[in-house]
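Commentary on secondary and tertiary structure
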Amino acid sequence: MCAVGAPEGDALLAAGLTEGSSITHPGQGTANRRFFFENIYVELVWVSDAEEARREPAARTRLWDRWSQRGQGACPFGLVFAGAGGAPAPDPPFPTWSYHPPYSEVAIDIGRGTPLSEPELVYFRFPRRPDALRGEPTAHALPLKTLTALSVGVPGSAARSETARAAEATGLVEFPPADDYVMTLTFDGAAHHRTKDLRPDLPLVLSW
């Protein structure tokens, strides 16, 4: 979650990343800037229409709450998981509820019972078509290709929700305790033993 227009994304440009296309989400009241890699993309999101974001069905997603309360205790991160290939993915590995956004032909599964102090967890049962993101730039000045590890530092020592624990059990993400919210994206097994800390512009650390 970022300020309107996601000026924070300029820190990614300055670090040597190439920006891809941006989109809006009609009926949900959000817009984004996006940066693409071989198996993920980073999406910087802001609320572009408060009325839409606070109206059902979008209101139940708490996008407005998470965005408006960022910097005031709400975790600014969301993690979206999807199956690989073109076949439907298996059932979500954590408890979910079904959200059908106005801009999408299919429903999206959102983690159930997570507090705003934890990342939002989202799951796509139907992955994108192999050609859906064709043409998006994945070559960057930094040698970042394939995400191989992901962690989101979460302040405090409170026990994680059942949904967050189930997500951790997949081995795809870790939620270690931290002094403040920070996401660490590790690419290509950190073979180069290099890191780029984008704080304070973005609560993001790149490792490769």
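First, a word on scope: everything that follows refers to the structure included in this document. (Residues numbered from 1 in each chain as written. Predicted model: local features only at pLDDT ≥ 70, side-chain atom pairs only at ≥ 80, totals over all residues. Heavy atoms only, no water.)

Describing helix α4 (residues 162-169)
Three- or four-residue spacings in an α-helix give side chains the same orientation, since the helix completes a turn every 3.6 residues. Buried within α4 are the following residues: Thr163, Ala164 and Ala167. The arc enclosing the buried residues of α4, seen along the axis, measures out at 100 degrees, which places them on a common side. Within α4, the exposed residues directed more than 90 degrees away from the buried face are Glu162 and Ala169. Buried positions along α4 lie against β6 (108-111) and β7 (120-124). Of the residues trailing α4, glycine 171 is marked for its positive phi of about 85 degrees. (Buried < 20%, exposed > 50% of the residue type's maximum accessible area, 1.4 Å probe, protein only. Helix = DSSP H or I, 4+ residues; strand = E, 2+ residues; numbered from the N terminus. Arc of directions from axis to C-beta. Contact = heavy atoms within 4.5 Å.)

A word on the nonpolar core
The nonpolar side chains of soluble globular proteins are, as a tendency, buried together. In terms of nonpolar packing, the biggest core is built from 44 residues, with Leu79, Phe175, Leu185 and Leu206 touching the most fellow members. At five residues, strand β3 (residues 41-47) tops the list of elements feeding residues into this core. In this structure, Ala58, Ile108, Ile110 and Val122 belong to the second largest nonpolar core, which totals six residues. (Core = buried A, V, L, I, M, F, W, Y, C linked by side-chain atoms within 4.5 Å.)

What about the pattern of salt bridges?
Applying the stated criterion across every chain yields a total of nine salt bridges. With a shortest N-O distance of 3.2 Å, arginine 33 and aspartate 10 are connected by a salt bridge. Pair noted here: arginine 33 is in strand β2 (residues 30-36) and aspartate 10 is in helix α1 (residues 10-15), with a separation of 23 residues, a long-range link. Owing to a relative accessible area of 43%, aspartate 10 belongs among the partly exposed residues under this scheme. For aspartate 197, the salt bridge is made with arginine 199, and the minimal N-O distance between the two is 2.7 Å. Among the residues examined, arginine 199 registers a relative accessible area of 44% and is labelled partly exposed. In the salt-bridge network here, residues are joined through shared partners; they are Asp10, Glu19 and Arg33. (Salt bridge = Lys/Arg side-chain N within 4 Å of Asp/Glu carboxyl O.)

Notes on the pairing of strand β8 (residues 147-155)
With six bridges joining them, β8 and strand β10 (residues 182-187) adopt antiparallel strand pairing. The residue bridging leucine 147 from the neighbouring strand is phenylalanine 187, located in β10. Two strands pair when backbone bridges link them, and β8 and strand β9 (residues 177-178) are joined in this way by two bridges, in the parallel orientation. Considered in β9, the bridge of proline 155 is made with alanine 178. (Pairing = 2+ DSSP bridges.)

Things to note about the side chain of glutamate 136
Tracing the backbone through its elements, the reader meets glutamate 136 in the loop between β7 and β8. Within polar-contact distance, the side chain of glutamate 136 engages the side chain of serine 21 at 2.4 Å. Discounting residues that sit within four places of it in the chain, glutamate 136 has contacts with Gly20, Ser21, Arg34 and Phe36. (Polar contact = N/O pair within 3.5 Å; in protein donor to acceptor, adjacent residues only side chain to side chain.)

Here we look at the packing of aromatic side chains
How two aromatic rings sit relative to each other is given by the distance of their centres and the angle of their planes. Tallying each qualifying case throughout the model produces six aromatic pairs. Judged by centre distance (6.3 Å) and plane angle (85 degrees), the rings of phenylalanine 94 and tyrosine 123 are edge-to-face. Residue phenylalanine 94 is located in the loop between β4 (78-82) and β5 (96-99), and its partner tyrosine 123 is located in strand β7; the two are separated by 29 residues in the primary sequence. Owing to a relative accessible area of 4%, phenylalanine 94 belongs among the buried residues under this scheme. We classify tyrosine 123 as buried; its relative accessible area is 7%. Site record: aromatic cluster; members linked through ring pairs are Phe81, Phe94 and Tyr123. Lying over the aromatic face of tyrosine 41, arginine 34 brings its terminal NZ or CZ to 5.3 Å of the ring centre. The ring of tryptophan 97 has arginine 60 lying over it, and the distance from NZ or CZ to the ring centre is 3.9 Å. (Phe/Tyr/Trp six-rings, centres within 6.5 Å; stacked < 30°, edge-to-face > 60°. Lys NZ or Arg CZ within 6 Å of the ring centre and 35° of its normal.)

Digging into the sheet that holds β7
Strand order in the open sheet formed by four strands is β4-β7-β6-β5, and the pairing between neighbours is mixed. Whereas interior strands pair on both sides, the edge strands pair on one side only; in this sheet they are β4 and β5. Averaged over neighbouring strand pairs, the angle between their axes works out to 30 degrees when direction is ignored. Direction of pairing for β4 relative to β7: parallel, over a ladder of five bridges. Within β7, the residue paired with glycine 78 across the bridge is glutamate 120. (Axes fitted to C-alpha atoms, helices over the stretch in contact; angles between N-to-C directions.)

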